[in-house]
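Examining the three-dimensional arrangement
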Amino acid sequence: MKNHSIKIFTLLLLLLGIVSCLTLFAKTISVQNEYLEYDSKTDFSERIETNSDSLKNAQIHEILTAAFKKGQFNGHVLYAEQGKILYNASFGYADIRHRKQPLTDSTVFQIASTSKPFTAIAILKLYQAKLLDIDAPVKTYLPDFLYDNVTVKQLLQHRSGLANYIYEATNKWDSRKIMTNRDITPILAKSKSRLCFTPGTRFQYCNTNYAYLALIVEVVSGQSFRKYMQKEIFDPLGMQHTFIYAPTLVDDYEMSKGYDFTRKSGYYERRNDYLDGVVGDKGIYTTATDLFLFDQALYDSSFIASDILEMAFTPAQEITEKHSYDYGLGFRVRQDEDGNDIIYHHGWWKGYRSYFIHDYHSQRTLIWLNNRSNVTIAPYIGQIMQSNA
């Protein structure tokens, strides 16, 4: 039964990885800041407890040591239960090709689409403050938005029908220039892009949704997306090694490099390009420990109200045996063998792969950051989640 559960969990992660791979290439309103302030006296970093002297620690270390020896892992893993860290360790190098600078718990990784839960929380905090309505049309906040019948909630749920800006920009953007979120509408207009389906009728994972959500955050808050995230989420939670991508910021942190690998060429670094100027769908750089602070904040109603978080964790379509996973508001949702929802997200971009699992029923956390993208990590994640504590 245990091996059967591992196989099911592993198969789901592999399928989702394939879907992500296919879809990967597939300030006018001012706000009173007091409505947005989070209690900065709450220091989540002071709540972190670590207990590495456990059976679980030994089990995970054995799993990851085997993965590293097989060339299937170069990165950092954090595992916690009941808010207590049981495992927190790095394997390999920040610069894989030259084997320089061993990874540490302070090394920053790009988390790719695992940025989306952060973008969703930013929108939901504004919704909680009654500064926006997630059921309102997107054009309420972005008047130049091309489609009348798409709502903010449909962006959050990937049920808008929007085309993926990554595809649309391929032949309609000068790749020598950095693209920004505000360039997406002109690109879609130039390509005369139509909706792929009637909004709300089906799920289709699409980065364009979250690029627009970041723009909505800017319009409603009156701040840049980068500044809003820093002020309202990263700083209050004590996420000192977290930032949204900008070329001028990377030198301020202990950075890893993202790599791919081919048998012919060996390791090669994946460098940022014009698409990295678009944020919200991706763009967050962080550490496993900082991600754990975010994970723990999701249990605290002073950060985000529990009823709003419950909405975020509710799949748009009911999960059944035939419909095994879905998307809430910024979070993927699947059920374990006992019928409990597990919240998670993963990302894959420019040599990085990340997984963030927030098993809130059992209060378990798994954070996996990898700076080599062409590896099969799903079986190892399955083993970690299924092994006995």
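Refer to the structure presented above.
The shown structure was predicted, so the numbers you read here are calculated from the model rather than taken from an experiment. (Residues numbered from 1 in each chain as written. Predicted model: local features only at pLDDT ≥ 70, side-chain atom pairs only at ≥ 80, totals over all residues. Heavy atoms only, no water.)

**Some remarks on the overall build of the protein chain**
- Counting its secondary structure elements, the protein chain contains eleven helices and 15 strands.
- Accessible surface computed for the protein chain: about 16900 Å², of which carbon and sulfur atoms make up 48%. (Helix = DSSP H or I, 4+ residues; strand = E, 2+ residues; numbered from the N terminus. Areas by Shrake-Rupley, 256 points an atom, 1.4 Å probe, with all protein chains shown as cover.)

**Quick look at the sheet that holds strand 10 (residues 284–286)**
- Taken in spatial order, the three strands of this open sheet run 6-10-7, and their pairing is antiparallel. The open sheet is flanked by strand 6 (109–110) and strand 7 (243–244), the only strands paired with a single partner.
- Here strand 6 runs beside strand 10; their pairing, made up of two bridges, is antiparallel. Within strand 10, the residue paired with Gln110 across the bridge is Tyr285. (Pairing = 2+ DSSP bridges.)

**Thoughts on the nonpolar core**
- In this structure, Phe118 and Ile216 are the most contacted members of the largest nonpolar core, which totals 85 residues.
- No other element matches helix 7 (residues 207–221), which puts ten residues into this core.
- Beyond its immediate sequence surroundings of up to four residues, Phe118 is in contact with Ile111, Met229, Ile233, Phe234, Met239, Ile284, Leu291 and Phe294.
- Counting 23 residues, the second largest nonpolar core, distinct from the first, contains Tyr79, Tyr87, Val375 and Tyr380. (Core = buried A, V, L, I, M, F, W, Y, C linked by side-chain atoms within 4.5 Å. Buried < 20%, exposed > 50% of the residue type's maximum accessible area, 1.4 Å probe, protein only. Contact = heavy atoms within 4.5 Å.)

**Description of the pattern of salt bridges**
- Inspection of the entire model under this criterion finds ten salt bridges.
- Between Asp95 and Lys257 there is a salt bridge, and its shortest N-O distance comes to 3.6 Å. One end of the pair, Asp95, is in strand 4 (residues 93–95); the other, Lys257, is in the loop between strand 7 and strand 8 (259–262), and 162 residues separate them in sequence.
- On the accessibility criterion, Asp95 (9% relative accessible area) is buried.
- For Lys257, a relative accessible area of 33% gives the class partly exposed.
- Its salt-bridge partner being Asp276, residue Lys350 comes within 2.7 Å of it at the nearest N-O pair. Taken together, the residues Lys350 in the loop between strand 13 (341–349) and strand 14 (352–359) and Asp276 in the loop between strand 9 (266–269) and strand 10 connect sequence positions 74 residues apart.
- Residue classification places Lys350 among the buried residues on the basis of a relative accessible area of 6%.
- The exposure class assigned to Asp276 is buried, which follows from its relative accessible area of 4%.
- One continuous salt-bridge network, built from bridges that share partners, spans Asp273, Asp276 and Lys350. (Salt bridge = Lys/Arg side-chain N within 4 Å of Asp/Glu carboxyl O.)

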